[in-house]
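# Structural description and commentary
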Amino acid sequence: MSARNILVINCGSSSIKFALVNEAEEQFPLSGLAERLGSPEAVLHWQQGEHKDSLVIAGADHRLALSHLLPIVQRVADGQLHGIGHRVVHGGEHFSGACRLDDVSLLAIRQVAPLAPLHNPANLLGIEAAMKLFPSLVQVAVFDTAFHQSLPEHAYRYAVPEALYRDHGVRRYGFHGTSHRYVSQKAAEMSELPSDGSSWLVAHLGNGCSTCAIENGHSRDTSMGLTPLEGLVMGTRSGDVDPNLHSHLARALGWSLERVDAMLNKESGLLGLSGLSNDMRALEQAREQGHAGATLAIEVFCYRLAKSLASMSCALQRLDGLIFTGGIGENSALIRSKTLDHLGLLGLKLDAQANARCVRGIAGAIHAHGHPRVLVVPTNEERQIALDTLALLD
Ligand code: ADP
């Protein structure tokens, strides 16, 4: 049988990110983005090898964008498309793994939507459009939350009245599960350890950031909670704050819930602390030029990350290694080094040269000789979604 092709789709409310994944090729034969959907500026961008192209699709919705994409995909795949994998943000307690999309699973995804009101409805738009356009293809949903369904109850419950959990699903779910799973399996391969017999701490540091404790291939704790706001300092998200902050701002400043929500999700994190940018590259440059806000944002980011990793270690019996991934984790020697400066009690120490070398997609070990393993592992959520889709095809 020749190598199979899977189209991986990640739908936002006005965008579709896509990648064509061939099971035998490391590079994606095709990838791209449809953006500003539903507006006169809607446009489809794609890249095939070195070749980049775009098409104006003014006014196109998700379905029209996918119908423009289909002939491009079929041409690149030589007419051999075997399935579609959809990223879905929230699977609630229904999904502890990927599932084939049919009327029953679609209903379950719809029922979970109140837990992710911004994300699941957008994901559903893409799924429904793709199912209408490709009715004979196997389509699979892969959930950000599913990997964390193995958390023990003492890790996923909040200390609030039980009825809120029982009747309204108020608990910690965790996100970035596809990435945490992918990099922990890669780390086990790189270290010649069985993934079902090794223990890892993971720091996924992109625009969104989370930590995870993984034991024998199962997530045991993670820093995000009911929503992706809990935990670490992120690009524009605050991470943990005093839970009384909402009521304090309402009473002291007369702020509405919407205002507080927008502030915590869109104006906080690295952007809020620095007053400059949510982009770590820009902050590192500004810090070098002595910018006080950028310097503080980096200090808080690293200290809070170290604190989270130390608390995640409570979930593990032993530690085979710490993994850095995501745009910041894969590229910033500074952030890795400053974070580990706070983790001396865990015995972690870096090799400065190895740390400087592992950037721009280079994976490798960066710990000092004789100290616990620290790895840089580029994540690849699209490939993991394709692998999960292929597993359900078999
Ligand atoms: P997303 O979560 O949207 O997928 P990424 O994983 O691409 O985001 O991560 C984006 C973050 O990675 C940004 O803060 C960006 O500045 C940071 N980043 C990318 N390259 C570097 C670099 N060379 N040094 C520091 N940070 C970097």
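- The name given to the protein in an unreviewed UniProt entry is Acetate kinase, with Pseudomonas berkeleyensis as the source organism.
- Within the UniProt record for the protein, the comment given under Pathway (unreviewed entry) is "Metabolic intermediate biosynthesis; acetyl-CoA biosynthesis; acetyl-CoA from acetate: step 1/2."
- In UniProt, the protein has this text filed under Subunit (unreviewed entry): "Homodimer."

### Considering the overall build of the protein
- A count of helices and strands for the protein gives 15 helices and 14 strands.
- Over its C-alpha trace the protein gives a radius of gyration of 21 Å, about what one expects of a compact globule, namely 21 Å for 394 residues.
- For the protein, the spread of C-alpha atoms along the principal axes amounts to about 55 × 55 × 45 Å.
- Classification of the 394 residues of the protein by burial places 48% in the buried group.
- Taking all contacts inside the protein whose residues are at least 6 apart in sequence as the whole, residues at least 24 apart take part in 61%.
- Carbon and sulfur atoms make up 51% of the accessible area of the protein, which amounts to about 18,200 Å² in all.
- Averaging the positions of the 33 positive and the 40 negative side-chain charges in the protein gives two centres separated by 2 Å.

### A look at the packing of helix H10 (residues 280-288) against helix H13 (residues 333-340)
- Their axes nearest at 11 Å, the elements H10 and H13 cross at an angle of 75°. Classified by the interaxial angle, the pair formed by H10 and H13 is roughly perpendicular. Residues Met 280, Glu 284 and Arg 287 of H10 pack against Leu 334, Ile 335 and Lys 338 of H13.
- Considering only residue class, the contact of H10 with H13 consists of 3 nonpolar, no polar and 3 charged.

### Notes on the environment of Leu 115
- Here Leu 115 is to be found in the loop between helix H2 (103-112) and helix H3 (120-133).
- The exposure class assigned to Leu 115 is partly exposed, which follows from its relative accessible area of 23%.
- With 55 residues separating them along the chain, Leu 115 and Val 170 place their C-alpha atoms 8.8 Å apart.
- If near-sequence neighbours (up to four positions away) are discounted, Leu 115 is found in contact with His 90, Gly 92, His 168, Gly 169, Tyr 173 and Leu 226.

### Considerations on the pattern of salt bridges
- By the definition in use, this model includes 17 salt bridges.
- One salt bridge connects Glu 189 with Lys 186, and the closest N-O pair in it is separated by 3.7 Å. One end of the pair is Glu 189 and the other is Lys 186, both in helix H6 (residues 177-190) and 3 residues apart, which spans about a single turn.
- Note on Glu 189: relative accessible area 54%, which makes it exposed.

About the criteria used
- Residue positions are counted from 1 within each chain, in the order its sequence is given.
- For a predicted model such as this one, the threshold for reporting local features is a pLDDT of at least 70, and the threshold for listing and counting side-chain atom pairs is 80 or more; totals across whole chains, interfaces and linings nevertheless cover every residue.
- Think of the side-chain values as coming from all heavy atoms in the structure, minus any hydrogens and water.
- UniProt positions are given in the numbering used here, feature names are shortened, and annotations may be inferred rather than shown by experiment.
- Under the DSSP-based scheme used, a helix requires at least four consecutive residues in state H or I and a strand at least two consecutive residues in state E, with every element numbered from the N terminus.
- Computation of the radius of gyration draws on C-alpha atoms, with the globule rule given as 2.2 Å multiplied by the number of residues to the power 0.38.
- Per-residue accessibility, obtained with a 1.4 Å probe over protein chains only, is compared with the maximum for each type, and a residue is labelled buried under 20%, exposed over 50%, and partly exposed between these values.
- We call two residues in contact when some of their heavy atoms are within 4.5 Å.
- Per-residue accessibility takes into account occlusion by the displayed protein chains alone, with areas from the Shrake-Rupley method and a 1.4 Å probe.
- Here the positive residues are Lys and Arg and the negative ones are Asp and Glu; neither His nor the chain ends is included.
- Where a charge lies is defined by one atom per residue type: Lys uses NZ, Arg uses CZ, Asp uses CG and Glu uses CD.
- Every axis in this analysis is a line fitted to C-alpha atoms, fitted for helices over the stretch in contact. Angles between the N-to-C directions lie between 0 and 180 degrees.
- Small angles under 35 degrees read as roughly parallel and large ones over 145 as roughly antiparallel, with 65 to 115 read as roughly perpendicular and the rest as oblique.
- Following the grouping adopted for this structure description, the nonpolar residues are Ala, Val, Leu, Ile, Met, Phe, Trp, Tyr, Cys and Pro, the charged ones are Asp, Glu, Lys and Arg, and the polar ones are all others, Gly among them.
- Any Lys or Arg side-chain nitrogen found within 4 Å of a carboxyl oxygen on Asp or Glu counts as a salt bridge.

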